[in-house]
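Residues per chain, in single letters:
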Amino acid sequence: MLNDPSSALSLLETRRSGKPRELVGPGPNAEEMDRILTIAARIPDHGKLSPWRFVTVGEEQRDAFEAVLREALAAENPDATDAHFEKEHEFAHYAGQLVVLVSAPVEDHKIPVWEQQLSCGAAGMNLLLGAHALGYVAGWVTGWRAYSDHVRRALCGPGERIAGFIFIGHCSRELEERDRPALETIARPWQPPAL
Ligand SMILES: Cc1cc2nc3c(=O)[nH]c(=O)nc-3n(C[C@H](O)[C@H](O)[C@H](O)COP(=O)(O)O)c2cc1C
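Residues numbered from 1 in each chain as written. Predicted model: local features only at pLDDT ≥ 70, side-chain atom pairs only at ≥ 80, totals over all residues. Heavy atoms only, no water.

**Regarding the site of the ligand**
As a structural note, the neighbourhood of the ligand is formed by Arg15, Arg16, Ser17, Trp140, Val141, Thr142, Gly143, Ala163, Arg178 and Arg180. A distance of 3.0 Å separates an oxygen atom of the ligand from a polar backbone atom of threonine 142. At 2.7 Å, a side-chain N or O of arginine 178 approaches an oxygen atom of the ligand. In the complex, the protein chains occlude 53% of the 620 Å² of accessible area that the ligand would expose alone. Along the lines of polarity and charge, the residues of the shell around the ligand split into three nonpolar, three polar and four charged. (Near = heavy atom within 4 Å. Polar contact = N/O pair within 3.5 Å; in protein donor to acceptor, adjacent residues only side chain to side chain. Areas by Shrake-Rupley, 256 points an atom, 1.4 Å probe, with all protein chains shown as cover. Nonpolar A, V, L, I, M, F, W, Y, C, P; charged D, E, K, R; others polar.)

Encoded structure:
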C-alpha cells in the first residue's frame, strides 16, 4: 500500500540516521535487541561465512568502555587535553543501546575478503532498518576510535576490525532530511564499449 506509513516501502523510504550525541533513551529492550540483531544477520553472505559480529555494550558496561577509550586516547594522542577526555566520557555514555559492528572476515578463503566486508556493511544497514522498523532512531559512526588498535583489541578478536559504533535510541528533536543524490547522477544505463 503506497500511503500506509507502516508499510515496508514507507519504512525504506523514510529511514534516516540520528546523531548519536542527540539520542535519548530508552533504547530497545532485550527482546527488541534480539529482533534487531536477527534482522541484521538476515543479509546476503557469499559462502555463508557470517563474517560479522555484533558486540553489545550494556548500560552497566559504559564506564568500562569509557576507560578503554581514555586509555586509547592517552596512548595515541599525547597532546590530548581535558576536553578530549571529556569527549570520551560523553561518547561512552550516549543514550540508548550501543552495538559495535565488527567485521570478522575469514582469511585465505575462496570468498574474497572484499565480499565479506560488503556483507558486513549490509549487516549494518539491516541493523539500521530493523531499528527504524521498531520505531527507533539509529546512528552509525566510526571516527578515530574505530581505527585505534587499543580500542580494537578491547572489542574484537584476532583478525577482526571495527566497522562502526551503532547507537539506537530516540531522537530528542525532529530529524532533518538531508539532500539525497539525484538518481540520474548515480544510476545510468550501461554504454557498451565501442568494439
Ligand atoms: C561506515 C560508516 C561510518 C560512518 N561514520 C560516521 C562518523 O564517524 N561520523 C558521522 O557523522 N557520520 C558517519 N557516518 C554517516 C552516518 O552514519 C549517516 O549515514 C549520515 O549521518 C547520513 O544519515 P542518513 O543515514 O540519514 O543518510 C558513517 C557511515 C558509515 C556507513
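**Considerations on empty space enclosed by the protein**
Applying the stated rule across the entire model yields one cavity of 30 Å³ or more. When its volume is computed, the largest cavity comes out at roughly 40 Å³. Every residue lining the largest cavity is listed: Arg15, Arg16, Ser17, Leu128, His132, Tyr136, Val137 and Ala138. Elements represented by at least two residues in the lining of the largest cavity include exactly α5 (113-133) and β4 (137-141). (1 Å grid on protein atoms, 1.4 Å probe; cavity = no way out; pocket = protein on both sides within 12 Å on 5 of 7 lines; lining within 4 Å. Points joined across faces, edges and corners; volume = space filled by probe spheres on them. Helix = DSSP H or I, 4+ residues; strand = E, 2+ residues; numbered from the N terminus.)

**A short note on the nonpolar core**
Membership of the largest hydrophobic core comes to 21 residues, with the highest contact counts inside it found for Phe65, Val151, Leu155, Ile162 and Phe165. Looking at this core, the elements with two or more residues in it are α3 (62-76), α4 (82-92), β3 (97-103), α7 (149-155) and β5 (161-171). The residues touching leucine 155, leaving out its near neighbours within four places in the chain, are Val55, Val57, Phe65, Val100, Val102, Ile162 and Phe165. If you look at the next biggest cluster of nonpolar residues, it comprises 17 residues, including Met33, Ile36, Ile166 and Ile168. (Core = buried A, V, L, I, M, F, W, Y, C linked by side-chain atoms within 4.5 Å. Buried < 20%, exposed > 50% of the residue type's maximum accessible area, 1.4 Å probe, protein only. Contact = heavy atoms within 4.5 Å.)

**Digging into the side chain of asparagine 126**
Examined against the element boundaries, asparagine 126 turns out to sit in helix α5. Within the structure, asparagine 126 has its side chain in polar contact with the backbone oxygen of isoleucine 39 (distance 2.9 Å). Setting aside residues no more than four positions away along its own chain, asparagine 126 makes contact with Ile39, Ala40, Arg42 and Ile43.

**Observations concerning α4**
Among the residues of α4, those classed as buried are Phe85, Glu88, Phe91 and Ala92. End-on, the buried residues of α4 take up no more than an arc of 115°, which puts them together on one face. Set apart from the buried face of α4 by more than 90 degrees, the exposed residues are Asp82, Ala83 and Lys87. Buried residues belonging to α4 abut α3, β4, α6 (144-147) and β5. (Arc of directions from axis to C-beta.)

**Describing the layout of surface pockets**
Roughly 240 Å³ of volume is contained in the largest pocket. Around the largest pocket sit Arg15, Arg16, Ser17, Gly18, Lys19, Glu22, Arg173, Leu175, Glu176, Arg178 and Arg180, which together line it. Residues that form the lining of the largest pocket fall into these classes: one nonpolar, two polar and eight charged. Volume-wise, the second largest pocket comes out at about 200 Å³. Arg21, Leu73, Glu76, Asn77, His84, Lys87, Glu88, Glu90, Phe91, Tyr94, Trp144 and Arg145 are the residues that line the second largest pocket. Elements with a contribution of two residues or more to the lining of the second largest pocket: α3, α4 and α6.

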